[in-house]
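Coordinate analysis (summary)
Each chain is listed here by its residues.
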Amino acid sequence: QVQLIESGGGLVQAGDSLRLSCAASGRTFSDDILGWFRQAPGKEREFVAVIRWTGGYTFYADSVKGRFTISRDNAKNTVYLQMNSLKPEDTAVYYCAAKTSKSITGTTSTFAYGSWGQGTQVTVSS
């Protein structure tokens with residue numbers, strides 16, 4: 001069972017940047033797919049970005065495309081989410097997740113992910 005621990009959240013102003021980290025442990029990743037999701041108060045958890053551990057595939061939600069960048073450091077077993085030009089509507093708890101299968105089918109669905117971190121709060125003030 002993989003363990004995922006997020007960090008890097010905080011309170012920032014609109015226009016600022018933050019980098020979230022997701023440290024993974026418990027098993028060796030190969031062709032796995034890891035994603036970032038977020039959940040704002042009173043709303044459903046939504047897809048943000050996804051990356052294949054071996055590289056060559058990333059995908060973003062339209063709402064963050066051009067502002068957020070997902071990356072990974074294989075040596076550190078860590079996935080990152082660089083968030084630039086933050087907006088108040090980006091305020092949410094951000095979760096890291098590992099997809100159950102290695103297929104890119106359904107990467108935007110929470111149901112496709114079997115392991116989740118505890119989340120890190122990001123608050124963007126206007």
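Keep in mind that what you see is a predicted model, and the values were worked out from it rather than measured.

Cut-offs used in this document
Residues numbered from 1 in each chain as written. Predicted model: local features only at pLDDT ≥ 70, side-chain atom pairs only at ≥ 80, totals over all residues. Heavy atoms only, no water. Salt bridge = Lys/Arg side-chain N within 4 Å of Asp/Glu carboxyl O. Helix = DSSP H or I, 4+ residues; strand = E, 2+ residues; numbered from the N terminus. Buried < 20%, exposed > 50% of the residue type's maximum accessible area, 1.4 Å probe, protein only. Pairing = 2+ DSSP bridges. Polar contact = N/O pair within 3.5 Å; in protein donor to acceptor, adjacent residues only side chain to side chain. Contact = heavy atoms within 4.5 Å. Disulfide = S-S within 2.5 Å.

A few words on the pattern of salt bridges. Scanning the entire structure with this criterion turns up six salt bridges. Here arginine 52 and aspartate 31 are joined by a salt bridge, their closest N and O atoms 3.9 Å apart. Taken as a pair, arginine 52 in strand E5 (residues 46–52) and aspartate 31 in the loop between strand E3 (18–25) and strand E4 (33–39) lie far apart in primary sequence, 21 residues in all. Owing to a relative accessible area of 14%, arginine 52 belongs among the buried residues under this scheme. The partner of arginine 67 in a salt bridge is aspartate 90, with the nearest N and O atoms 2.7 Å apart. You can see arginine 67 sitting in the loop between strand E6 (58–60) and strand E7 (68–73) and its partner aspartate 90 sitting in the loop between strand E8 (78–83) and strand E9 (92–99), a full 23 residues away along the chain. The two residues arginine 67 and aspartate 90 agree in class, both being buried.

Once that is clear, we can look at the pairing of E3. Across five bridges, strand E1 (residues 3–7) lies against E3 in antiparallel orientation. Bridge pairing links glutamate 6 to cysteine 22 in E3. Both E3 and E8 contribute to a ladder of six bridges, which runs antiparallel. If you follow arginine 19 over to E8, its bridge partner there is glutamine 82.

As a further point, take the side chain of glutamate 6. Following the sequence through the fold, glutamate 6 ends up in strand E1. Polar contacts involving the side chain of glutamate 6 include one to the main-chain amide nitrogen of cysteine 96, which spans 2.7 Å. Among the polar contacts listed, one links the side chain of glutamate 6 to the backbone nitrogen of glycine 119, at a separation of 2.9 Å. Setting aside residues up to four positions removed in sequence, glutamate 6 forms contacts with Ser21, Cys22, Trp36, Tyr94, Tyr95, Cys96, Gly117, Gln118, Gly119 and Thr120.

Further remarks concern the environment of lysine 76. Mapping lysine 76 onto the fold places it in the loop between E7 and E8. Overall, the relative accessible area of 56% leaves lysine 76 in the exposed class. Along the chain, lysine 76 and glycine 56 lie 20 residues apart, while their C-alpha atoms are 19 Å from each other.

Quick look at the state of the cysteines now. Applying the stated criterion to the full structure yields one disulfide. Bridging cysteine 22 to cysteine 96, the disulfide has an S-S length of 2.1 Å. Because the torsion about its S-S bond is -75°, the bridge between cysteine 22 and cysteine 96 counts as left-handed. A residue pair is termed long-range when its members are at least 10 positions apart, and cysteine 22 in strand E3 and cysteine 96 in strand E9 qualify at 74 residues. Judged on exposure class, the residue cysteine 22 and its partner cysteine 96 are both buried.

By themselves, these are just geometric observations and shouldn't be taken as functional.
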